[in-house]
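Residue-level structure breakdown
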Amino acid sequence: MAVLSRRLRVSVGDPGLLAAFALVAGVLLIFVFYPAARVISYPALTEYLAIPDQARWIAALRNSLLMMLLSTGTATVVGFFYAYATSREDLPGRKVFQLLSLLPLFAPPFMVAFAYILMFGRQGLITRSVLGLDVNIFGWQGLWLVQTVAFFPYAVLIISQVLDAINPTLEHAARDLGATDTTVFRTITLPLARPGIAAAMLLVAISVLADFGNAVLIAGNFPLLATEAWFRIEGLGDLSGAAVVVSMLIVPTIALFVLERVWVSRRLYTAITGRGSRVPRPATPGVFKWPLLGFCLVVAFFIGIVYVGVLAGAFARTWGYDWTFTFDHWRLALAQGGDHLINSIKVGAGSALLTSVIALLAAFVTSRRRYGFERILDFLAVLPAALPGVFIGVGYLLAFNAPPFVLGGTPWILILALTFWHIPFGYQAAVAGMKQIDRSIEEAAADLGASGLRVLRDVYLPLLRGPFLASFVTSFIRAVTNLSIVVFLVTPRNLVATYSILSMIGGGFWGAAAALTTALLAVTLVTVTLARVAIGRGLRGLPTG
Amino acid sequence: MADVRLVNITKRFGPMLAVDDVSLDVSDGSFTTLLGPSGCGKTTTLRIVAGFFQPDAGDVFIGRDRVNDLPPHRRRTAMVFQEYALFPHMTVFENVSYGLRMRAVPAAETRRRGSDVMELVGLPGVGEKFPSRLSGGQQQRVALARALVVEPEVLLLDEPLSNLDAKLRVRVRTEIRLLQQRLGITAVYVTHDQEEALAISDRVAVMNHGRIQQVGAPLEIYHRPQNRFVADFVGLANFIEAEGMGDGTVRAGGRILGIHGRAVGPVTLVLRPESVQMRRQLSAGANAVPGRVAAMSFLGTLARYWVDVDGTQWIVDVPSPGDDVLSGDVFLEIPPERIHVLPEGGRQQAG
């Protein structure tokens, strides 16, 4: 007994820390675990058993997996060569290409589909007006193209990090030992990039499976799991059918996610070593350089027309017929969607702030390793990354429209859904940031009398401003551009811009939709620019090197 | 002021026994060093005193109080960390006064005590700078000031000099020692550098494998090590297996050597390199053995020779060698009072 009570006293420790721990555990259980459990437990077991009889769902499952294979394959291949090309320091226009591949990350996910309808659809600027063709972009081929363009930037981002981390000395050494240019690529670059390629494939595959915005705009009559959930609710009011469908969807996404966590991310770290002194990379031989440049130009064209298309759509009087310049669409867009845009910004800022604060607090308490079940919190904090937006949307719809937690009809249901969907980004950034801060700095503060939470305030909060800001910006952009969650949770009194854009496209108001999309894009780009300026100012005392 | 007492402290990390039944008295106002190779448990022991680790068994006393259950800042100790652990986002003064702010000391007093302690460590006028702008030696002093400002009764230092270059290390260690004597506070210091330990300590506790091998004044540790580990870790030593004859002599490799005191049975002789005198000719003194110079290395203040003696190699230091270089056959003379005799089984205490 004496031993037990002593151990209890020791382990409970600081009351502030205990309160923080309870708070983090509480919100994660209510806002991550509870809605997830609610979705899975909502349909009766017989409904799950009846899945094989539902031909449409089986088709949706098959189609979703097919699109995952197709789009992941092309997006990864394109992403790899684009990353390889832009990792060559002597590629002409390298900086521009790098910037271009980052742009889609700040755009609403459905923007590619929208722009491609404008460009390649039946009234497409390129297909009809320029080439005089009659092309139907709706269907799986269109979706394949759109998803490839929409998701290859993720692959570029991950693979670039790995390629940049490969010490150029290795290339020099291989050449010194007699390897030809193709041999260097085959025996050095490709094997070292392999973990990055694997990680990129898994991330893209999860994104493709969960893709709602592009699918809803361009897939047409091609059933997919992500859109099927929405049609169930929107068209049929079939909540439990939607729950079954999104539950089917999370089986492959969680499998991919687990694979990524336990298998790839570990290898990824071992690949990023040996930075040391940088020597310039050897010059890229002409046989490689010009084809790579040509490839980048083609890809850049496909990215470029996304922006050109939407921008042109916002100013052309009647798309496909009357190309005269007009501001009419802006008037309509701001009259109908101006409030929704402001609403988006409010919801986005609120959820991004909550995400960053909760993520930082969660990272702090899980790093204590004090109570023994931090691993469970850690799991709950990264779990939403494996959950598609439509799953979260259905989850919040089911969980928070009935007692004990009634949030339906308030903006809070939207804010909280977005907040907890984005927790993993903030959490992982904060955990990585904390690992860079020597533990003894915290001990020094504790030694001088700082209590548990005081350490957070005095040491971690100021030192983690960088990751905090990054987490805020990422969450904000993802929140204001989100469609997959908001379609389930908006109510007529709480509309947001992405939902309005979807309605405008559906109603044939392409010009207004393009104008509102442009305005939304402006919001995200201004946010990113401001954040870059803030970081560029050199936040005082951020740990360097 | 306070003394520190560790009573039968044990600490495990998983299967590893980091500290194994350590007891140690650190008297009030003394400077005690925990010395040992990395992984010997010295830092763990210090952290148990500081309160960062809970011992699995045993008690920690500071002054009259058992402090096992007190958090670090309630222990009247303050720690100087190996990497300094200065808060990079605070100015030097904010760093130094942090402990006072935590104790809600009024602003005016904080300013006064802060600048006093900055003066004390010889760093006036850098308060508004950020730590990253200071040199390594200055950062070290800031860390020292930050610990001293809360007026601890026990100052704990965890290899505080390991990030400084060799010359600065010597200077700063002297400053730390003078400061400790001036303030009269108790200090527990951790290092793996035996020279540093000998130079600044009142007492040295040599540790290995989580156990204390020997506690004593520097002279005692150096000249009368209790076992082979201590003799080997502190300074250089020649070890010679011998047989005690019980009459003030030992037999080593067929030769009889005189020693101080008596020894019976198998023993190990510890000979410091500088205790052996090397001559070209046999002189009148006893305890001489013939040898042959195998190698020499000139180190400025001394010349170090490797001399083959009866199939073993001895290290012999010749102080102040000048231009004189010995080679070939030599005689090694060993004053009996400089031979330290370890009884066989003078092995270290292992866990």
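Note that the structure is predicted; figures quoted are calculated from it, not measured.

Okay, the overall build of chain A next. Per the secondary structure count, chain A includes 24 helices and four strands. Seen through its C-alpha atoms, chain A measures out along the principal axes to roughly 85 × 70 × 50 Å. Put simply, of all contacts in chain A between residues at least 6 apart along the chain, 81% involve residues at least 24 apart. Charged side chains in chain A number 39 positive and 25 negative. The centres of these two groups are separated by 4 Å.

Contact residues are listed per partner, giving 21 residues for chain A and 28 residues for chain B. Linking chain A with chain B are one salt bridge, by the criterion used here. Taking the shortest distance from any N to any O, the salt bridge between arginine 47 of chain B and glutamate 443 of chain A comes out at 2.6 Å. There are five residue pairs in polar contact (both at pLDDT 80 or more) connecting chain A and chain B. In terms of residue count, helix H19 (residues 439-447) of chain A provides more of the side of chain A that touches chain B than any other element does, seven residues in total. Taken together, the residues of the side of chain A that touches chain B sort by class into 10 nonpolar, three polar and eight charged.

Right, let's talk about helix H8 (residues 140-165) of chain A for a bit. Compared with the 38 Å implied by 1.5 Å per residue over 26 residues, the 37 Å span of H8 of chain A between its first and last C-alpha is a close match. Along H8 of chain A, the sharpest change in direction is near 35 degrees and occurs at phenylalanine 151 of chain A; proline proline 153 of chain A comes one to four residues later.

Grouped burial of nonpolar side chains is what soluble globular proteins tend to show. One finds Tyr116, Leu217, Tyr396, Phe420, Phe488 and Leu489 of chain A together with Leu144 of chain B to be the most contacted residues of the largest nonpolar core, which totals 253 residues. The element that contributes the greatest number of residues to this core is helix H15 (residues 328-366) of chain A, accounting for 13 residues. If we ignore the near neighbours within four places in the chain, the residues touching phenylalanine 420 of chain A are Val27, Leu28, Phe31, Val32, Ile358, Pro384 and Tyr396 of chain A. Grouped together as the second largest cluster of nonpolar side chains are 25 residues, Ala242, Ala263, Leu271 and Ile334 of chain B included.

Moving on: the domain arrangement of chain B. For interface size, the figure often reported is the accessible area lost on association. Residue and element names in this part refer to chain B. Split by domain assignment, chain B resolves into domain 1 (4-230) and domain 2 (236-346). Taken together, the contact between domain 1 and domain 2 spans eight residues of the former and nine residues of the latter. Surface buried jointly by domain 1 and domain 2 totals about 770 Å² across both partners, of which 48% is contributed by carbon and sulfur atoms. It is Tyr222, Pro225 and Arg228 in domain 1 that bury the most area against domain 2; as a group they hold 69% of the surface buried on that side. Taken together, the links from domain 1 to domain 2 amount to one salt bridge. Ionic pairing is found between arginine 228 and glutamate 241, a salt bridge with its closest N-O pair at 3.1 Å. Ranked by the residues each element gives to the side of domain 1 that touches domain 2, the list is headed by helix H8 (residues 218-223), at three residues.

Residue and element names in this part refer to chain A. At a closest axis distance of 11 Å, the pairing of H15 and helix H20 (residues 452-463) adopts a crossing angle of 120 degrees. One element, H15, and the other, H20, form an angle in the oblique class. Between H15 and H20 lies a crossing of right-handed hand. On H20, the residues that touch Leu360, Leu361 and Phe364 of H15 are Gly452, Leu453, Val455, Leu456, Tyr460 and Leu461.

The subject of this paragraph is unusual backbone geometry. For the peptide bond that leads from proline 403 of chain A to proline 404 of chain A, omega is 10 degrees, which places it in the cis range. In this fold, proline 404 of chain A is placed in the loop between strand E3 (401-402) and strand E4 (405-406). With a phi angle near 50 degrees, aspartate 310 of chain B is a residue other than glycine that sits in the positive phi range. Within the secondary structure, aspartate 310 of chain B sits in the loop between strand E17 (302-309) and strand E18 (312-319). Accessibility expressed as a relative area gives 46% for aspartate 310 of chain B, which makes it partly exposed.

Here we take up the environment of valine 170 of chain B. Residues and elements named next belong to chain B. Along the chain, the position of valine 170 falls in helix H6 (residues 166-183). Relative accessible area serves as the criterion here: at 38%, valine 170 is assigned to the partly exposed category. Considering only alpha carbons, one finds valine 170 and alanine 199, 29 residues apart in sequence, at a separation of 9.2 Å.

With that settled, consider the pairing of strand E11 (residues 238-245) of chain B. Residues and elements named next belong to chain B. Side-chain alternation along E11 places Asn238, Ile240, Ala242 and Gly244 on a buried face and Phe239, Glu241, Glu243 and Met245 on a face that remains uncovered. Pairing of E11 with strand E14 (residues 264-271), which is carried by eight bridges, proceeds in the antiparallel orientation. Note on E14: the bridge partner recorded for phenylalanine 239 is valine 270. Here E11 runs beside strand E12 (residues 249-252); their pairing, made up of two bridges, is antiparallel. Each bridged residue has a counterpart across the sheet, and for glycine 244 the counterpart in E12 is valine 250. Between the antiparallel neighbours E11 and E12 lie three residues, among them glycine 246 with a positive phi of about 85 degrees.

With the rule as written, the count across this model stands at 33 aromatic pairs over all chains. Summarising the aromatic geometry, the rings of tyrosine 34 of chain A and phenylalanine 400 of chain A are spaced 6.0 Å apart at their centres and angled 70 degrees between planes, so their arrangement reads as edge-to-face. Separated by 366 residues along the polypeptide, tyrosine 34 of chain A in helix H2 (residues 15-41) and phenylalanine 400 of chain A in the loop between helix H17 (389-399) and E3 bring together distant segments of the chain. When the centroid spacing of 5.5 Å and the interplanar angle of 40 degrees are considered together, the rings of phenylalanine 31 of chain B and tyrosine 189 of chain B count as tilted.

So, how was this worked out
- Going along each chain's sequence as written, the residues are numbered from 1 onward.
- Chain labels run from A onward and ligand labels from 1 onward, assigned in the order the entries are written.
- Owing to the predicted nature of the model, reporting of local features is limited to residues with pLDDT of at least 70; listing and counting of side-chain atom pairs is limited to 80 or more, with chain, interface and lining totals taken over all residues.
- Remark: hydrogens and water are excluded; side-chain values derive from all non-hydrogen atoms of the structure.
- In this description a helix means any DSSP run of H or I spanning at least four residues, a strand means any run of E spanning at least two, and both kinds are numbered starting from the N terminus.
- Two residues qualify as a contact provided that any one of their heavy atoms is within 4.5 Å of a heavy atom in the partner residue.
- In this tally, Lys and Arg are treated as positive and Asp and Glu as negative; His is ignored, and so are the chain termini.
- In this description, the location of a charge corresponds to atom NZ of lysine, CZ of arginine, CG of aspartate or CD of glutamate.
- One speaks of a salt bridge when a side-chain nitrogen belonging to Lys or Arg is within 4 Å of a carboxyl oxygen belonging to Asp or Glu.
- Counting of polar contacts relies on pairs of N or O atoms within 3.5 Å, with two restrictions inside protein: one atom must be capable of donating a hydrogen and the other of accepting it, and residues adjacent in sequence are counted only when both atoms are side-chain atoms.
- Residues are grouped as follows: Ala, Val, Leu, Ile, Met, Phe, Trp, Tyr, Cys and Pro are nonpolar; Asp, Glu, Lys and Arg are charged; all remaining types, including Gly, are polar.
- Expected helix span is given by 1.5 Å per residue-to-residue step, counting one fewer step than there are residues.
- What the bend at a residue measures is the angle between two axes, fitted to the seven residues ending there and to the seven starting there.
- The criterion is simple. A nonpolar core is a set of buried Ala, Val, Leu, Ile, Met, Phe, Trp, Tyr and Cys residues joined through side-chain atoms within 4.5 Å.
- Accessible area is worked out with a 1.4 Å probe on protein chains only. A residue is then buried under 20% of its type maximum, exposed over 50%, and partly exposed in between.
- What counts as a domain boundary in this text is fixed by an automatic or database domain assignment.
- When two components associate, each loses some accessible surface as probed by a 1.4 Å sphere; the sum of these losses over both components is called the buried area.
- What counts as an axis is a line fitted to C-alpha atoms, over the stretch in contact for a helix, and the angles between N-to-C directions run from 0 to 180 degrees.
- With respect to orientation, any angle under 35 degrees is reported as roughly parallel, any angle over 145 as roughly antiparallel, any angle of 65 to 115 as roughly perpendicular, and every other angle as oblique.
- Handedness of a helix crossing follows the sense of rotation of the near helix relative to the far helix, less than a right angle counterclockwise being left-handed and clockwise being right-handed.
- Strands were regarded as paired on the criterion that DSSP finds at least two bridges between them.
- Each pair of aromatic rings taken from Phe, Tyr and Trp, with Trp reduced to its six-membered ring, is defined by centres within 6.5 Å and is described as stacked if the planes are under 30 degrees apart, edge-to-face if over 60, and tilted in the remaining cases.

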